[in-house]
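# Coordinate inspection notes
What follows is each chain in one-letter form.
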Amino acid sequence: MEAEIHIASIVVFVQADHRLSVRSCIEDVPNAEIHGEADGKLIVTLETENTKKTVAIMDAIRALPGVLDTVLVYQHAEPLSALEEEVQP
């Protein structure tokens, strides 16, 4: 079976007084990136090798103190080799 890459976009709902600690924890997660925040929400992307890993990271973030919920907005998976293919205009 060929290796895959899974890219997910999630929204993390955070209590205001925990915002900095939650940001710090997410920034420590390999292949997680915070793209923005507004009104108690963090917009995060995750790059993992499978859906199970994506869900595990979401569950870990959801368990952080001050996190109200995490919501999957988008997920895409494709063979890792597809990243090496040249894109035709």
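Below: a short report on this structure. Quantities reported herein were computed from a predicted structural model and do not represent experimental measurements.

### Describing the pattern of salt bridges
The tally for this structure, following the rule as stated, stands at five salt bridges. Glutamate 37 is paired through a salt bridge with arginine 19; the nearest N and O atoms lie 3.2 Å apart. Of this pair, glutamate 37 sits in strand E2 (residues 32-38) while arginine 19 is found in helix H1 (residues 19-27), placing the two residues 18 residues apart along the sequence. Note on glutamate 37: relative accessible area 34%, which makes it partly exposed. Residue arginine 19 is classed as partly exposed on the basis of its relative accessible area, which comes to 33%. Between glutamate 37 and arginine 23 there is a salt bridge; the shortest N-O distance is 2.5 Å. On the criterion of sequence distance, the pair formed by glutamate 37 in strand E2 and arginine 23 in helix H1 is long-range, its members being 14 residues apart. Taken together, the shared-partner salt bridges in this structure form one network comprising Arg19, Arg23, Glu27 and Glu37.

### Quick notes on a nonpolar patch on the surface
Nonpolar side chains collect at one region of the surface, where Val71, Val73 and Tyr74 lie side by side and expose about 280 Å² of accessible area between them. Mapped onto the secondary structure, valine 73 falls in strand E4 (residues 67-79). On the basis of relative accessible area, valine 73 is assigned to the exposed category, the value being 53%.

### What about the nonpolar core?
With 15 residues, the main nonpolar core has Val12, Val22, Ile26 and Val44 as its most contacted residues. Elements with a minimum of two residues in this core: strand E1 (4-14), H1, E2, strand E3 (41-48) and helix H2 (51-62). Those residues in contact with isoleucine 26 that lie beyond four places of it in its chain are Val12, Ala32, Ile34, Leu42, Val44 and Ile61.

Thresholds applied
Per chain, residues are indexed from 1 in the order of the written sequence. Predicted model: local features are reported for residues with pLDDT of at least 70 only, side-chain atom pairs are reported and counted for 80 or more only, and whole-chain, interface and lining totals are derived from all residues. No hydrogens and no water enter the side-chain calculation; it runs on all heavy atoms of the structure. Salt bridges are identified by distance alone: a Lys or Arg side-chain nitrogen within 4 Å of an Asp or Glu carboxyl oxygen. Numbering of helices and strands starts at the N terminus; helices are DSSP runs of H or I of at least 4 residues and strands are runs of E of at least 2. Remark: exposure states derive from per-residue accessible area (1.4 Å probe, protein chains only) relative to the maximum for the residue type, with buried under 20%, exposed over 50%, and partly exposed in between. Within this analysis, patches are made of residues with over 30% relative accessible area and no salt bridge. Like charges are joined at 9 Å or less; nonpolar side chains (Val, Leu, Ile, Met, Phe, Trp, Tyr) at 5 Å or less. The Shrake-Rupley method, run with a 1.4 Å probe sphere, supplies the accessible areas, and residue values consider only the shown protein chains as cover. Only buried residues count toward a nonpolar core. Its members are Ala, Val, Leu, Ile, Met, Phe, Trp, Tyr and Cys residues joined through side-chain atoms within 4.5 Å. Residues are treated as being in contact if the distance between any of their heavy atoms lies within 4.5 Å.

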